[in-house]
Amino acid sequence: SIMGQGIVSPAFHFYIFDVLKEPFVLTSIFGPQTVSILARIIAFCTAIPFHEAAHAFVSDKLGDPTARRPGRLTLNPVKHLDPMGLLAMLTIGVGWAKPVPINTAYYKNRKVGMAISSAAGPLSNLLLAFIIMIMYKLTYYAGSMAAIGHLPVAAINVILQILFYLIVININ
């Protein structure tokens, strides 16, 4: 079993909804804080831009060019960066980005347009979490092969921990 080979601690899987307890297990040369900060940076560069770009994309498709003008219709994390949100993400594990500008006057039906563009962000996070869960499972099973082969078990564990954190960030 992959658990028996020290790749993933059994306790690692029970912390899925408790980000503040740091679910990272020290099984490599990296300390838990190093892995945590690395995971948070990766999360900020993927989950937050994906969420904000989904709001902008859907709003744009509904006829509102407001987000397109300042260049917010992108996955570039710099365009969505809020310095305090990034600092909070790195220190406490919860962060935010600049809100995407939306002008409901461009929508044919303001209430429906606002509801759809508002739902786009959280739905994009669920989609991203699902994709990352698939990557997690593939990495998990590849880890059992790595234990037999030449890839260090510690490297697989760090990858699993980062993927796990990305799942948690996307569903919280």
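Residue positions are given per chain, counted from 1 along the sequence in the order it is written. Local features in this predicted model are restricted to residues whose pLDDT is 70 or higher, and side-chain atom pairs enter the listing and the counts only when it is 80 or higher, whereas totals over whole chains, interfaces and linings include all residues. Derived side-chain values reflect all non-hydrogen atoms in the structure, with water molecules and hydrogen atoms excluded from consideration.

A.B. asks: In this structure, what is going on with the pattern of salt bridges? I would like to understand it.
C.D. replies: Oppositely charged side chains may form a pair once their charged atoms are brought near each other. Salt bridges are counted wherever a side-chain nitrogen of Lys or Arg sits within 4 Å of a carboxyl oxygen of Asp or Glu. Counted under the stated rule, the structure contains one salt bridge. With its nearest N and O atoms 2.5 Å apart, the salt bridge here joins Arg 68 to Asp 60. Classification of Asp 60 as buried rests on a relative accessible area of 16%. Remark: exposure states derive from per-residue accessible area (1.4 Å probe, protein chains only) relative to the maximum for the residue type, with buried under 20%, exposed over 50%, and partly exposed in between.

A.B. asks: Just to check I follow, could you spell out the nonpolar core for this structure?
C.D. replies: Proteins that are soluble and globular tend to have nonpolar side chains buried together. In these notes, a set of buried Ala, Val, Leu, Ile, Met, Phe, Trp, Tyr and Cys residues joined through side-chain atoms within 4.5 Å is what counts as a nonpolar core. Ranked by internal contacts, the top residues of the largest apolar core, which has 23 residues, are Ile 132, Tyr 136, Ile 162, Leu 166 and Ile 169. Of all elements in the fold, only helix H1 (32-61), helix H4 (110-148) and helix H5 (153-171) reach the threshold of two or more residues within this core. Under the scheme used here, helices are H or I runs from DSSP no shorter than 4 residues and strands are E runs no shorter than 2 residues, and both carry numbers assigned from the N terminus. The element best represented in this core is H5, accounting for eleven residues. Contacts were defined at the residue level, with two residues in contact if any of their heavy atoms lie within 4.5 Å. Leu 166 has contacts with Ile 42, Ala 43, Thr 46 and Ile 132, leaving out every residue within four places of it along the chain.

A.B. asks: I keep staring at the packing of aromatic side chains and nothing clicks. Help me out?
C.D. replies: Two descriptors summarise a pair of aromatic rings, namely the distance from one centre to the other and the angle between the planes of the rings. What counts as a ring pair is set by centres within 6.5 Å for rings of Phe, Tyr and Trp (its six-membered ring), and what kind of pair is set by the plane angle: stacked under 30 degrees, edge-to-face over 60, tilted for all other angles. Evaluation of the coordinates by the stated rule reveals three aromatic pairs. Geometrically, the ring pair formed by Tyr 136 and Tyr 140 is stacked, given 6.4 Å between the ring centres and 15° between the ring planes. With Tyr 136 and Tyr 140 both in helix H4 and four residues apart, the pair spans about one turn of that helix. Per residue, the accessibility class of Tyr 136 equals that of Tyr 140, and both read buried. Judged by centre distance (6.5 Å) and plane angle (50°), the ring pair of Tyr 136 and Phe 164 falls under tilted. Taken as a pair, Tyr 136 in helix H4 and Phe 164 in helix H5 lie far apart in primary sequence, 28 residues in all. Just as Tyr 136 is buried, Phe 164 falls in that class too. In this structure an aromatic cluster arises from ring pairing among Tyr 136, Tyr 140, Tyr 141 and Phe 164. Between Lys 137 and the ring centre of Tyr 140, over which it is positioned, the NZ or CZ distance is 5.7 Å. Geometrically, a lysine NZ or arginine CZ counts as sitting over a ring once it is within 6 Å of the ring centre and also within 35 degrees of the ring normal.

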